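Fold and geometry: a report
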Amino acid sequence: QVALVESGGGLVQAGGSLRLSCAASKYTSSMYAMGWFRQAPGKEREFIASIGPIGERIYYGDSVKGRFTISRDNAKNTVYLQMNSLKPEDTAVYYCAQSRSIFIIPRQTNDVGSWGQGTQVTVSS
């Protein structure tokens, strides 16, 4: 099973930006679609963005469209989430995810085969 390690979380003021990174332990991760989800206290895990194996298809959750950008660098086995115009309601633990199948681009939690440990993003007002 692949190990996914997120980094880049932290505290930022509203309107600011952060970039999250997710490094995968196996080169074969380039065969799989990847995604980002988040979970705020007391809420269900929410889909944020996903990207196909070579970036050919990209999806975003409605709450982040136009503000967040997902990308990947397969040479580095790394997926990124650029977050701009951050709002206090973006505060959550952000999780990197790898699809459970090479045929699926994850957009819900049961599409996911591997999760990262999560990184906290806190947006102050």
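The rules behind these values
Residues numbered from 1 in each chain as written. Predicted model: local features only at pLDDT ≥ 70, side-chain atom pairs only at ≥ 80, totals over all residues. Heavy atoms only, no water. Core = buried A, V, L, I, M, F, W, Y, C linked by side-chain atoms within 4.5 Å. Buried < 20%, exposed > 50% of the residue type's maximum accessible area, 1.4 Å probe, protein only. Helix = DSSP H or I, 4+ residues; strand = E, 2+ residues; numbered from the N terminus. Disulfide = S-S within 2.5 Å. Salt bridge = Lys/Arg side-chain N within 4 Å of Asp/Glu carboxyl O.

Core analysis: the largest hydrophobic core is formed by 25 residues, its most contacted members being Trp 36, Phe 68, Leu 81, Met 83 and Tyr 94. For this core, the secondary-structure elements that each account for two or more residues are strand S3 (18-24), strand S4 (34-39), strand S5 (46-51), strand S7 (68-73), strand S8 (78-83), strand S9 (92-99) and strand S11 (119-124). Per element, the largest residue contribution to this core is 4 residues, and it comes from S3.

It is worth spelling out the state of the cysteines at this point. According to the stated counting rule, one finds 1 disulfide in the structure shown. The disulfide that involves Cys 22 links it to Cys 96, with 2.0 Å between the sulfurs. Across the disulfide from Cys 22 to Cys 96, rotation about the S-S bond amounts to roughly -80°, and the bridge is consequently left-handed. With a gap of 74 residues between them, Cys 22 in strand S3 and Cys 96 in strand S9 connect regions that are remote in the sequence.

Here we come to the pattern of salt bridges. Close approach of charged atoms lets side chains of opposite charge pair. Taken as a whole and judged by the stated rule, the model has 4 salt bridges. The salt bridge partner of Arg 38 is Asp 90, with a shortest N-O separation of 2.9 Å. In this pair, Arg 38 is assigned in strand S4 and Asp 90 in the loop between S8 and S9, connecting sequence segments 52 residues apart. Judged on exposure class, the residue Arg 38 and its partner Asp 90 are both buried.

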